[in-house]
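# Structural overview
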Amino acid sequence: MLPNHSTAFVWGRSPSLFPQPTAPSAVRLTLEPTLARAGMFDGAWWPHSRDVRAELPGLITALSAHLGAILRVGLDQDAWDDIPRSLTIDGRVVHIGWFTASDDTMSVTRGLNDHFMLLVVPPWATAPAAAAAMAMAARTGNRMPAATILAATGTTPEIPDAVPLPAVDAEGQRIQEAEGRAAGPV
């Protein structure tokens, strides 16, 4: 838990670290362990709802503890209800921009041009699907776009007109279902 704040911070790559939040206000967040910024995403976030005012303060507090002061956030307009222009979080004004083409992603900015990109897992995702999507997004050097990650983990329907993707576990290993047996890694 973060000191002097009621929001739990769940960090890690293993799905066992965040199958269910510890409290309704828990921040479900995974960051790429090295923060090398070598991949498509620097981490992933699984909010509890589409309410920016309820969800963003915990996320910003958690990110600020690990990355430093967050000045601006860019959100996918279609993924959120009633997006304000700014919020005051922990005594600091965080400006909020929104875009229609950011497809299940968000950008977080500290400083003038220091951006981090996060996959945003839809709130309605199941815990196993969300855990797998977050682990894939936070893998060092990951180059898969959000739609591919979410489709591969069963979080959203497959991408139209794309080659079907196999189901994968949290480590990106293909899962095969066999008649009369439980699913397992291939």
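What counts as what
Residues numbered from 1 in each chain as written. Predicted model: local features only at pLDDT ≥ 70, side-chain atom pairs only at ≥ 80, totals over all residues. Heavy atoms only, no water. Helix = DSSP H or I, 4+ residues; strand = E, 2+ residues; numbered from the N terminus. Buried < 20%, exposed > 50% of the residue type's maximum accessible area, 1.4 Å probe, protein only. Contact = heavy atoms within 4.5 Å. Salt bridge = Lys/Arg side-chain N within 4 Å of Asp/Glu carboxyl O. Core = buried A, V, L, I, M, F, W, Y, C linked by side-chain atoms within 4.5 Å. Pairing = 2+ DSSP bridges.

### What to know about the environment of P123
Looking at the secondary structure, you find P123 in the loop between β8 (114-120) and α2 (127-137). The class for P123 is partly exposed, based on a relative accessible area of 22%. Separated by 76 residues in sequence, P123 and P47 place their C-alpha atoms 5.4 Å apart. The residues touching P123, leaving out its near neighbours within four places in the chain, are W46, P47, H48, S49 and R50.

### Topic: the pattern of salt bridges
With the rule as written, the count across this model stands at four salt bridges. Across the pair D114 and R37 runs a salt bridge, and its minimum N-O distance is 2.6 Å. Linking D114 in strand β8 with R37 in the loop between β2 (27-31) and β3 (43-45), this pair joins segments that are 77 residues apart in sequence. The shortest N-O distance in the salt bridge between R110 and D114 comes to 2.5 Å. Classification of R110 as partly exposed rests on a relative accessible area of 26%.

### Focus: the nonpolar core
By size, the foremost hydrophobic cluster in this structure holds 25 residues, and its most contacted members are L29, W45, L56, L63 and M106. For this core, the elements supplying multiple residues, two or more each, are β2, α1 (52-67), β4 (72-76), β5 (86-89), β6 (92-99), β7 (105-110) and β8. With seven residues, α1 is the largest single contributor of residues to this core. Setting aside anything within four residues of it in sequence, one finds L56 in contact with W45, V73, L87, I89, I96 and M106. With 16 residues, the next largest nonpolar core counts A44, A125, A130 and A133 among its residues.

### Observations regarding the pairing of β5
Of the two faces of β5, the one holding L87 and I89 is buried and the one holding S86 and T88 is not buried anywhere. Sheet analysis places β5 next to β6, joined by four bridges and oriented antiparallel. Following the sheet pairing, S86 is matched in β6 by H95.

### Some points on unusual backbone geometry
At R37, a residue that is not glycine, the phi angle is positive and equals roughly 60°. Relative accessible area serves as the criterion here: at 34%, R37 is assigned to the partly exposed category. Phi at D82 is positive, roughly 45°, even though this residue is not glycine. With respect to the helices and strands, the residue D82 is situated in the loop between β4 and β5. By relative accessible area, D82 is classed as exposed at 59%.

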